[in-house]
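# A look at the structure
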Amino acid sequence: MANIKFVNEELEIVAADGANLRIKALENKVDVYKTWGKLTNCGGYGQCGTCIVDVIEGMENLSPPTETEKRKLRKKPDSYRLACQVQVNGEVSIKTKP
């Protein structure tokens, strides 16, 4: 099982290994989008780059970055990921809307 801690929201949830981070966040009413992202997001296909999160702890418990992430986040810090592209496989701490 994967424990996902959302730092800003002070919320910790449990998810099955391999769960999609964006889906688990939205299911638990955690907003991963900034203002414009709420209107322009692609629905989880990795095309818009609006669901950026900062991985505070547990990067080793996430799936490797996809080619889409590498392209969209090339000028961002290494700790940034696209929530829609991430599968969680263990304990992780996430900061939304960095």
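Above this text is the structure in question.
Presented here is a report on the structure given in the accompanying data block. Keep in mind that what you see is a predicted model, and the values were worked out from it rather than measured. (Residues numbered from 1 in each chain as written. Predicted model: local features only at pLDDT ≥ 70, side-chain atom pairs only at ≥ 80, totals over all residues. Heavy atoms only, no water.)

Our focus in this paragraph is the overall build of the protein. Assigned secondary structure in the protein consists of three helices and seven strands. The C-alpha atoms of the protein give a radius of gyration of 12 Å, which matches the 13 Å a tight globule of 98 residues would have. Based on the C-alpha atoms only, the size of the protein along its principal axes is roughly 30 × 25 × 20 Å. Considering the protein as a whole, with its 98 residues, one finds that 41% of them fall into the buried category. When contacts within the protein are restricted to residue pairs at least 6 apart in sequence, those whose partners lie at least 24 apart make up 61%. Side-chain charges of the protein comprise 15 positive and 13 negative groups, with the mean position of each set lying 10 Å from the other. (Helix = DSSP H or I, 4+ residues; strand = E, 2+ residues; numbered from the N terminus. Rg over C-alpha atoms; globule rule 2.2 N^0.38 Å. Buried < 20%, exposed > 50% of the residue type's maximum accessible area, 1.4 Å probe, protein only. Contact = heavy atoms within 4.5 Å. Lys, Arg positive; Asp, Glu negative; His and termini not counted. Charge placed at Lys NZ, Arg CZ, Asp CG, Glu CD.)

Before going further, it helps to spend a moment on the nonpolar core. Ile 4, Phe 6, Leu 21, Cys 51, Val 88, Val 92 and Ile 94 are the most contacted members of the largest nonpolar core, which totals 25 residues. Going through the elements one at a time, β1 (2–6), β2 (11–15), α1 (21–27), β4 (52–57), β5 (80–82) and β7 (92–96) are the ones with two or more residues in this core. When sequence neighbours within four positions are dropped, the list of residues in contact with Cys 51 reads Val 32, Tyr 33, Arg 81, Leu 82, Ala 83 and Cys 84. (Core = buried A, V, L, I, M, F, W, Y, C linked by side-chain atoms within 4.5 Å.)

Our focus in this paragraph is the sheet that holds β1. Hydrogen bonds along the backbone pair up the strands of a sheet, which may run parallel or antiparallel. If you trace the five strands from one edge of the open sheet to the other, you get β2-β1-β7-β4-β5, paired in mixed fashion. Edge positions in the sheet fall to β2 and β5, since each of these pairs with one other strand and no more. Pairwise comparison of adjacent strand axes, ignoring direction, gives a mean angle of 35° for this sheet. Direction of pairing for β4 relative to β7: antiparallel, over a ladder of four bridges. (Pairing = 2+ DSSP bridges. Axes fitted to C-alpha atoms, helices over the stretch in contact; angles between N-to-C directions.)

Here we take up the pairing of β2. In this sheet, β2 lies alongside β1 in antiparallel orientation, the contact comprising five bridges. Across the sheet, Asn 3 pairs through a bridge with Val 14, a residue of β2. Counted between consecutive antiparallel strands, the loop separating β1 from β2 contains four residues, among which Glu 10 sits at a positive phi close to 50°.

Attention now goes to the environment of Lys 70. The residue Lys 70 is located in helix α3 (residues 67–72) in this model. Looking at Lys 70, the relative accessible area reads 46%, which means it is partly exposed. Taking C-alpha positions, Lys 70 is 9.0 Å from Arg 81, a pair spaced 11 residues apart along the chain.

The full count for this structure, using the stated rule, is zero disulfides. With no disulfide of its own, Cys 42 lies 3.7 Å from the sulfur of Cys 48, the closest cysteine sulfur. The class for Cys 42 is partly exposed, based on a relative accessible area of 24%. Cysteine Cys 84 remains unbridged, with the sulfur of Cys 51 as its closest cysteine sulfur at 3.7 Å. (Disulfide = S-S within 2.5 Å.)

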